[in-house]
2 protein chains.
Amino acid sequence: MSQDKPQLHLGAFMRPVSIHTGAWRYPGAFADANFNFGHLRDFTRTLERGCFDAFFMADHLAVLNMPTEALKRSHTVTSFDPLTLLPALATATERIGLIATASTTFEQPYHVARKFASLDWISEGRAGWNIVTTSNPDAALNFGMDDHMEHGERYKRAREFFDVVTGLWDSWADDAFVRDVDSGLYFDPARLHTLNHKGQYLSVRGPLNIARPVQGWPVIVQAGASEPGRQLAAETAEVIFGAAGTIEDARSFYADIKARMAAVGRPPDRLKILPACFVVVGDSVEEARRRRLHLDSLVHYDSGLASLSIMIGTDASKFDPDAPLPEIPESNQSKTQRALVIAAAKEENLTVRQLAQRVGGYPGLSMVGTPRTIADQMEEWLVTKASDGFNVMFPYLPAGLDDFVNLVVPELQRRGIFRKQYTGKTLREHLGLPRPENQFFAR
Amino acid sequence: MSQDKPQLHLGAFMRPVSIHTGAWRYPGAFADANFNFGHLRDFTRTLERGCFDAFFMADHLAVLNMPTEALKRSHTVTSFDPLTLLPALATATERIGLIATASTTFEQPYHVARKFASLDWISEGRAGWNIVTTSNPDAALNFGMDDHMEHGERYKRAREFFDVVTGLWDSWADDAFVRDVDSGLYFDPARLHTLNHKGQYLSVRGPLNIARPVQGWPVIVQAGASEPGRQLAAETAEVIFGAAGTIEDARSFYADIKARMAAVGRPPDRLKILPACFVVVGDSVEEARRRRLHLDSLVHYDSGLASLSIMIGTDASKFDPDAPLPEIPESNQSKTQRALVIAAAKEENLTVRQLAQRVGGYPGLSMVGTPRTIADQMEEWLVTKASDGFNVMFPYLPAGLDDFVNLVVPELQRRGIFRKQYTGKTLREHLGLPRPENQFFAR
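Presented here is an overview of the structure given in this document. (Residues numbered from 1 in each chain as written. Chains lettered and ligands numbered in written order. Predicted model: local features only at pLDDT ≥ 70, side-chain atom pairs only at ≥ 80, totals over all residues. Heavy atoms only, no water.)

**Overview of the packing of helix 7 (residues 227–236) of chain A against helix 8 (residues 247–263) of chain A**
Residue and element names in this part refer to chain A. Interhelical geometry of helix 7 versus helix 8 gives an angle of 55° and a closest axis separation of 8 Å. It follows from the interaxial angle that helix 7 and helix 8 lie oblique. The handedness of the crossing between helix 7 and helix 8 is right-handed. Contacts between helix 7 and helix 8 involve Glu227, Arg230, Gln231 and Ala234 from the former and Phe253, Asp256, Ile257, Arg260 and Met261 from the latter. Looking at side-chain class alone, the contact of helix 7 with helix 8 contains 4 nonpolar, 1 polar and 4 charged residues. (Axes fitted to C-alpha atoms, helices over the stretch in contact; angles between N-to-C directions. Helix = DSSP H or I, 4+ residues; strand = E, 2+ residues; numbered from the N terminus. Parallel < 35°, antiparallel > 145°, perpendicular 65-115°, else oblique. Left-handed = near helix turned anticlockwise from the far one by under 90°. Contact = heavy atoms within 4.5 Å. Nonpolar A, V, L, I, M, F, W, Y, C, P; charged D, E, K, R; others polar.)

**Section: helix 6 (residues 151–169) of chain A**
Over its 19 residues, helix 6 of chain A extends 27 Å from the first C-alpha to the last, a length consistent with the 27 Å expected when each residue adds 1.5 Å. The opening residue of helix 6 of chain A, the one whose side-chain oxygen lies 2.8 Å from the backbone nitrogen of Gly152(A), is Glu150(A). (Expected span 1.5 Å × (residues − 1). Polar contact = N/O pair within 3.5 Å; in protein donor to acceptor, adjacent residues only side chain to side chain.)

**So, the packing of aromatic side chains**
Two aromatic rings, taken as a pair, are described by how far apart their centres are and by the angle between their planes. Under the defined criterion, the tally for this structure stands at 46 aromatic pairs over all chains. Considering the side-chain rings of Tyr26(A) and Tyr396(A), the 3.8 Å spacing of their centres and the 5° angle between planes classify their relative orientation as stacked. Here Tyr26(A), found in the loop between strand 1 (9–13) and helix 1 (37–49), pairs with Tyr396(A), found in the loop between strand 11 (389–393) and helix 14 (399–414); they are 370 residues apart in sequence, far enough to count as distant. Pairwise contacts between aromatic rings join Trp24(A), Phe35(A), Trp121(B), Trp172(B), Phe177(B), Tyr186(B) and Phe187(B) into one cluster. Lying over the aromatic face of Tyr301(A), Arg353(A) brings its terminal NZ or CZ to 4.8 Å of the ring centre. (Phe/Tyr/Trp six-rings, centres within 6.5 Å; stacked < 30°, edge-to-face > 60°. Lys NZ or Arg CZ within 6 Å of the ring centre and 35° of its normal.)

**As for the relation of the copies chain A and chain B**
If you rotate chain A by 180° and push it 0.0 Å along the axis, it lands on chain B with an RMSD of 0.0 Å. Both copies are brought into coincidence by an operation consistent with a two-fold rotation axis. Relative to the rotation axis, the C-alpha of Ala88(A) is the closest in chain A, positioned 2.1 Å from it. Residue by residue, 100% of the interface of chain A is reproduced at the interface of chain B, so both copies engage with the same surface. (Least-squares fit on C-alpha atoms with pLDDT ≥ 70 in both.)

**Regarding unusual backbone geometry**
Residue and element names in this part refer to chain A. A cis amide bond links Gly206 to the next residue, Pro207, at an omega of -5°. Summarising the element assignment, Pro207 is placed in the loop between strand 6 (203–204) and strand 7 (219–222). Following Leu397, the chain continues into Pro398 via a peptide bond in cis, with omega recorded as 5°. With respect to the helices and strands, Pro398 occurs in the loop between strand 11 and helix 14. The residue Glu124 is not glycine, and still its phi comes out positive at about 60°. Mapped onto the secondary structure, Glu124 falls in the loop between helix 4 (109–122) and strand 4 (127–132). Its identity is not glycine, yet Asn196 carries a phi of approximately 50°, on the positive side. You can see Asn196 is positioned in the loop between helix 6 and strand 5 (197–198).

**Some words on the environment of Val392(A)**
All names here are of chain A. By the element assignment, Val392 lies in strand 11. Taking the C-alpha atoms as reference points, Val392 and Trp217, separated by 175 residues in sequence, lie 25 Å from one another. Excluding anything up to four places from it in sequence, Val392 contacts Leu10, Gly11, Ala12, Phe13, Phe52, Cys277, Val279, Met378 and Phe404.

**Some thoughts on the side chain of Thr133(B)**
All names here are of chain B. Structurally, Thr133 can be placed in the loop between strand 4 (127–132) and helix 5 (137–141). Residue class for Thr133 comes out buried when judged on its relative accessible area of 7%. Side chain to side chain, Thr133 and Arg154 meet in a polar contact 3.1 Å long. Beyond its immediate sequence surroundings of up to four residues, Thr133 is in contact with Ser103, Thr104, Thr105, Arg154, Tyr155 and Ala158. (Buried < 20%, exposed > 50% of the residue type's maximum accessible area, 1.4 Å probe, protein only.)

**Overview of the environment of His60(A)**
Along the chain, the position of His60(A) falls in the loop between strand 2 (54–57) and helix 2 (68–71). For His60(A), a relative accessible area of 31% gives the class partly exposed. His60(A) sits 21 residues away from Asp81(A) along the chain, and the two C-alpha atoms are 9.0 Å apart. In contact with His60(A), not counting residues within four places along its chain, are Arg15(A), Asn136(A), Arg114(B) and Asn209(B).

**Examining the interface of chain A and chain B**
Listed per partner, the contact involves 68 residues of chain A and 68 residues of chain B. Both faces combined, the contact of chain A with chain B buries some 6300 Å², and carbon together with sulfur accounts for 61% of it. Considering only the surface of chain A that becomes buried against chain B, Phe35(A), Arg114(A) and Tyr186(A) emerge as the three largest contributors, covering 11% of it. Where chain A meets chain B, there are 8 salt bridges. Among the salt bridges present, the one from Arg114(B) reaches Asp81(A), with a minimum N-O distance of 3.7 Å. One can count 37 residue pairs in polar contact (both at pLDDT 80 or more) joining chain A with chain B. (Buried area = accessible area lost by both parts, 1.4 Å probe. Salt bridge = Lys/Arg side-chain N within 4 Å of Asp/Glu carboxyl O.)

**Some points on empty space enclosed by the protein**
One water molecule sets the probe size; rolling that probe over the atoms shows where empty space is left. Residues and elements named next belong to chain B. Under the definition given, this model contains 4 cavities of 30 Å³ or more. Considering only enclosed or pocket space, the largest cavity measures out at about 70 Å³ in volume. Val17, Ser18, Ala23, Trp24, Ala29, Phe30, Ala31, Ala33, Asn34, His75, Tyr396 and Leu397 are the residues that line the largest cavity. Its residues assigned to classes, the lining of the largest cavity shows 9 nonpolar, 3 polar and no charged. (1 Å grid on protein atoms, 1.4 Å probe; cavity = no way out; pocket = protein on both sides within 12 Å on 5 of 7 lines; lining within 4 Å. Points joined across faces, edges and corners; volume = space filled by probe spheres on them.)

Such coordinate-based values are descriptive only and should not be taken to indicate function.
Structure below.
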């Protein structure tokens, strides 16, 4: 592998195991994949064989707030708690990173700090924390709140929460535990720091009742889409996961984040931007597209129509389902996603029905083609600084995941832009991130 | 195994791995056992070889509030978060139950319900929830509270918390997930219940975003020592774990709890009483006692003196450390523990120093002897209805645990009072407890 080439980082977006709402009906797919532990364990082992940087688990703190008619068709309705699943996967694997989502709005920082520190010890340095502020208003109702916390407030609390959690992780110097059997000294009290945090949103005394994590701090992951989200990410994140549109928009986002990092004095290589990417592999581009069309056709038409109508800002049920999409007026909806979807419809000559099912399946960034065309696209994103890699979403399980690991990964490796084996042991090492110094103790 | 004999149930009290503060210094002991995952995994596999009902993990939500002089000598100062550790142990074992502590005072019921449901699925029905109200006032300071919630309030909240968690577990009928690939129906909305709980302490809408646990509900465990604790346990618990004194006191506690159960209409066999018991095994009683004295001698004398002074209600530092304990006046301290300790000192001719180190090590119920004498004691407790078994505490690891599994378990099996192999798969089956019906859906 040439050391001169930039290196791709790959996460696997695994909650739900496939984002696509038709996935569980695809021929050969495991209908219960999202909450069958044995399947998840096998998927993770396959990802590890493919040298993925990390298994990434998003989360929701409520049953998704969809209309029952759509909800009852969705395999995403339930899932394991991420911080309960990942320790179980840790003992079933050896190298792959394990990133779990935890909410700064509905969690307590002492619990979050302790659980991630525990996961980092149990996995020997493979934990990452995806910091979310939780945008689902139904979640508030599960946590005794009538009103959801306002967006700006959520981000202020998130920033303070981050400071408390990282402060708790630094409670113990790395060398605090001397365990001197002869003298009977278990730890050196001078190497223990009590945080005594009293802030606007949180009051936490500390110290944490677990040793400093193997990685110092587990890797910090964020989505960073909104203005306060971008700023929080530039100041604190080490990985950005998020939805992406066109490659041009991604380059502009990438440049913006790296500039914000420079403005706060952080070296730009201390943060990896890994947008979500839905990948369908075939022996030919046509076959891959046929597979996707088949998958899309398993989305219930009514659900798809509702999603399409929202996206294009007009009631799509008035259109002939078996004709192409007519010209439609401009709307206030996200122009990027709308433009992408309309462009795809034209390029693939999709009918309104097919387009609705596309949107109801997964409308975001996708790469659909052969291992070579997918690798071409990924390489272009990498070398033109649109991203540092991807969080790959698989269309159906296990076949879509197997195809990626068996076919796309070797092509990326052949080009010298992806590792052929793990060279490090920790998630930080996979991502090329340094181990943070303890803020309270010099080495 | 005769089916006529009552059957012993054994849990392993594993947080800390040894309660004894000298354990980490014992010859051959793993000084880091309490937070070395590999050791904990191996211990759990040994327990499973010994057919233990469950691995039981108590918890603290703060660094223990001891004076620094004692704290710095304690291996109990840190531990893994129980609900992060147990999923990792679940994938390393096949049959043993996994009981984790979670606090009703410092946790949210939605998280608790979801995490235990996840653990129950991942372990295929081996989860138990030890409900605690958390008596450590230092914990409050780690969760944004200046004052610790008053004891009676804590129990009222605990009862409501239990109702919410069990209500959330019953969100989905056992047959809710139909996953009909042809019609595209993933679940039957008529088999989903939204809790809509609004009570004195908690407001939780639901439904839970994970299927009903394998066991219906994970096994409910409580300590049940105080008056409200006993009542809560009689109404809701399926296992009582707690400290015990003399066998007479234990019989009276046992009778009290079973009478309270009858008063609320619960069959008495729906709850197993398993007091904590510290067990030291030797080839002779003398050897076992020597081992314990050696272990006690590793407790720092000052720490021991402080504990002894509190227990006997008088300053023990005024006594000659190398003479027997003089007659001491009555005090307000717990008569049971005090009487036990003073009786032990007389029987074993302990000096004040040895007694202080005994109390600083572990002063509660202990069985110290040969496999035969220990089995005699356990059988007597079982057949005279002082308990349904024990939560065994090991004096040092790994040897103390290995001795129990290799020497005491076969003796119990030979007598026909303990299983020779697991006959069930779930923790409920090990304990002989029925699977609860769903309160919202008939089968």
